[in-house]
Amino acid sequence: MHPDDPQDDTTALSELLTQRFGVSPDVAAAGLDPQAIAALRVIAGQTSHRRWSARAVPAEAVRLLAACALSAPSKSYLQQADIIDVRDPGRRAAIQAIVPTLPWLSAAPALLVFCANGRRFERLFDRRGKPYTNDHLDGFFNPVVDAALVMMNFVNAARAAGLVACPISMVRNHPKRLAEILELPRRVVPVAGLCVGHPAEARRVNPRLSLDATFHLDRIGERDDDADCDEFDRRYVATREAVLPEGAPAARPWSDERADQYANAQRADWGDFVRSAGFDLG
Ligand SMILES: Cc1cc2nc3c(=O)[nH]c(=O)nc-3n(C[C@H](O)[C@H](O)[C@H](O)COP(=O)(O)O)c2cc1C
């Protein structure tokens, strides 16, 4: 099924979660009202899109979604996330040149870059005449977490508005170049790009590791990660095989694909870039 198939919400949510995890929690037993189940159906139907219809996404719509997204919680109320709506064709082309393997990025009606901004906080100490005593890894981690929360809030806001999205960490493949293109000041670093548009197709949800592997009651402790991975590999291959066009090569296990994807060093210069942007990671 697709996330928006016409079906009653309880059945649809249960089927979506079964596709995701192999087994669904008991939706009816959760004791939620129908509006809550309808809202959860939308959240559970999240899927990344990489093809867009030709319909534009106006700058004012992006600004509205950004306002909703920036309403996310913020660590210590420090407000260390920024969003850049990249509209200028020259800058869009320059970012596309960083990721030549993702031609669908140029085609996206909107391209945003979510940034971790440690600059305002540092400046605040200057203005208040206090020593900046927390210049260490936490001072980098907090704005990154804020930016990630804002990005996910943006994805949900976009989906509520009938749009779809795909995060792009590959824009960080050449972080210095991206910082130049976007004129990022000191202590502002990109966390991820986000392509946004109207969907060109319905997409099935992608499965996830079982809830037994990733949802825990009270403690994590030691688990058999290999068994969790094997179980997921089997479900992943079965999901892929179910939609393979005739004659296509057999689906490969998730663990094989991921190990291949990360077999070569990626973004090994990221730490140097973050330090050169002014963050102390000590
Ligand atoms: C922080 C982040 C960065 C991502 N970067 C990329 C990317 O550079 N290119 C891409 O095609 N997908 C990217 N994705 C999307 C993931 O590939 C996608 O979420 C994953 O394959 C699971 O698919 P789903 O979101 O449809 O369930 C990114 C996702 C996240 C959360």
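A. The arrangement of the packing of aromatic side chains in detail. A complete count under the given rule lists eight aromatic pairs for this structure. Taking the centre distance of 5.8 Å and the plane angle of 75° together, the rings of Phe114 and Phe154 count as edge-to-face. With Phe114 in strand 2 (residues 110–117) and Phe154 in helix 7 (residues 137–160), this residue pair connects regions lying 40 residues apart in the sequence. Residue class for Phe154 comes out buried when judged on its relative accessible area of 0%. When the ring of Phe125 is compared with that of Tyr132, the centres are 5.1 Å apart and the planes differ by 65°; the resulting orientation is edge-to-face. The pair Phe125 / Tyr132 is uniform in exposure class, with both members buried. Pairwise contacts between aromatic rings join Phe121, Phe125 and Tyr132 into one cluster. Here Arg172 stacks its cationic end above the ring of Trp270, 4.4 Å away from the centre of that ring.

B. View of the pairing of strand 2. Summarising burial for strand 2: eight of the eight residues are buried, a large majority. Where strand 1 (residues 81–85) lies against strand 2, five bridges are found, and the strand directions are antiparallel. Paired with Asp85 across the bridge in strand 2 is Leu112. By the bridge criterion, eight bridges tie strand 2 to strand 4 (residues 188–197) in an arrangement that is antiparallel. Along strand 4, the bridge assignment pairs Asn117 with Val188.

Thresholds, definitions, all that
Residues numbered from 1 in each chain as written. Predicted model: local features only at pLDDT ≥ 70, side-chain atom pairs only at ≥ 80, totals over all residues. Heavy atoms only, no water. Phe/Tyr/Trp six-rings, centres within 6.5 Å; stacked < 30°, edge-to-face > 60°. Helix = DSSP H or I, 4+ residues; strand = E, 2+ residues; numbered from the N terminus. Buried < 20%, exposed > 50% of the residue type's maximum accessible area, 1.4 Å probe, protein only. Lys NZ or Arg CZ within 6 Å of the ring centre and 35° of its normal. Pairing = 2+ DSSP bridges.

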